[in-house]
Amino acid sequence: MAANRRPMNRTTVNLLLDGVSFIAFLAATAPALTGLAIHEWLSIALAGAVVTHLLLHWSWIIGIAQRFFSKASWNSRVNYILNSLLFITFTVIIFTGVMISEVALPMFGLEFARNDTWMQLHRLSSDATVFLMGLHVALHWRWIVNATRKLFSRPLVHRPQSQVDLIASSTPEVN
Amino acid sequence: MKTIFRTMAILAAALVVVGGIYLFAKSSYGQSFLSSRSEHHGPRGAGGMPPGFSERPDGAMFGEGFPDGERFEGRRGHGDRGPSIFGIGEAIKNLVIIAICVTLFVLGGRLLQGGQRDKPRNL
């Protein structure tokens, strides 16, 4: 009987997406490491990752927004405010990045006049995002640790119980 | 269909933020705030040199060789366009900042919980 691959649950999908996005974020905030071209394209891809992240957590966003001024806990309110600030800074980074783009957008024939204002805002929002990202990770640290533990504790391949018994009976006991 | 509507809602919220930022950047307060930061960090126009930079003994200006004539500053400037392994320092710096935030938060939480456990109960 062939072993069945265990399908990924939602927690695993979230953990993997968030992990990859975090590494991409670190790389995107270091244009000296990646070079300008990769920095711009990676940042555009990160915008998509952010939208996906928000879609995956849509029910939480709407749920807390509806209860913000009534039944929500203070922890949830702080989390919501922090996430809103993170959304704002990410949006500013993407928008200002588009306005000062030198590689990605010129490829499509879009070029904007060089403007120091957008560069300043890009730097400012980038600094703020690193700090807010630290707080975001801190607030979700327990979930990250628990989800990572679960991911590495479960077997990769799901064996039906009958196959487990067959293997157990055929394996000689070691005294 | 739900996903499309939710995506449009997210993009609409982003558009509101973009509008706010655009208005801020064009307002007199925004202009003065950003120009004061620009003065603090030094002019960054094309070919503009930060204060304190001067000619090298051989007559060349510091920063020559970079496309915009700007001194490379990692995230703070896009002078150098190619990738460089030395840029990993910036990624590590950001990772350290995030790690410090997480450490302080987790330790603070544990201290708070420990303090609450040690509080004498009223009998």
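Located above this text is the structure these notes cover.
Residues numbered from 1 in each chain as written. Chains lettered and ligands numbered in written order. Predicted model: local features only at pLDDT ≥ 70, side-chain atom pairs only at ≥ 80, totals over all residues. Heavy atoms only, no water.

Draft legend 1. Layout of helix α5 (residues 116-139) of chain A. Between the first and last C-alpha of α5 of chain A there are 35 Å, a value that for 24 residues agrees with the 34 Å anticipated at 1.5 Å per step. By the criterion of burial, α5 of chain A is predominantly enclosed, with 17 of the 24 residues buried. (Helix = DSSP H or I, 4+ residues; strand = E, 2+ residues; numbered from the N terminus. Expected span 1.5 Å × (residues − 1). Buried < 20%, exposed > 50% of the residue type's maximum accessible area, 1.4 Å probe, protein only.)

Draft legend 2. Molecular detail of the packing of aromatic side chains. All names here are of chain A. For the structure shown, the criterion picks out seven aromatic pairs over all chains. Geometrically, the ring pair formed by phenylalanine 68 and phenylalanine 69 is edge-to-face, given 5.1 Å between the ring centres and 80° between the ring planes. Of the residues examined, phenylalanine 68 reaches a relative accessible area of 15% and is grouped as buried. Since its relative accessible area comes to 78%, phenylalanine 69 is described here as exposed. (Phe/Tyr/Trp six-rings, centres within 6.5 Å; stacked < 30°, edge-to-face > 60°.)

Draft legend 3. Just the packing of α5 of chain A against helix α1 (residues 2-26) of chain B, in detail. Axis separation between α5 of chain A and α1 of chain B bottoms out at 11 Å; the angle between their running directions is 125°. Viewed along their axes, α5 of chain A and α1 of chain B adopt a mutual orientation that is oblique. Crossing angle aside, the handedness with which α5 of chain A passes α1 of chain B is right-handed. Together, Thr117, Trp118 and Leu121 of chain A of α5 of chain A and Ile21, Tyr22, Phe24 and Ala25 of chain B of α1 of chain B make up the contact between the two elements. (Axes fitted to C-alpha atoms, helices over the stretch in contact; angles between N-to-C directions. Parallel < 35°, antiparallel > 145°, perpendicular 65-115°, else oblique. Left-handed = near helix turned anticlockwise from the far one by under 90°. Contact = heavy atoms within 4.5 Å.)

Draft legend 4. Inspection of the interface of chain B and chain A at higher detail. Counting residues at the interface gives 46 residues for chain B, matched by 45 residues for chain A. Counting every contact that joins chain B to chain A gives three residue pairs in polar contact (both at pLDDT 80 or more). Here the element with the most residues in the side of chain B that touches chain A is α1 of chain B; it accounts for 14 residues. Taken together, the residues that form the side of chain B that touches chain A break down as 24 nonpolar, 12 polar and 10 charged. (Polar contact = N/O pair within 3.5 Å; in protein donor to acceptor, adjacent residues only side chain to side chain. Nonpolar A, V, L, I, M, F, W, Y, C, P; charged D, E, K, R; others polar.)

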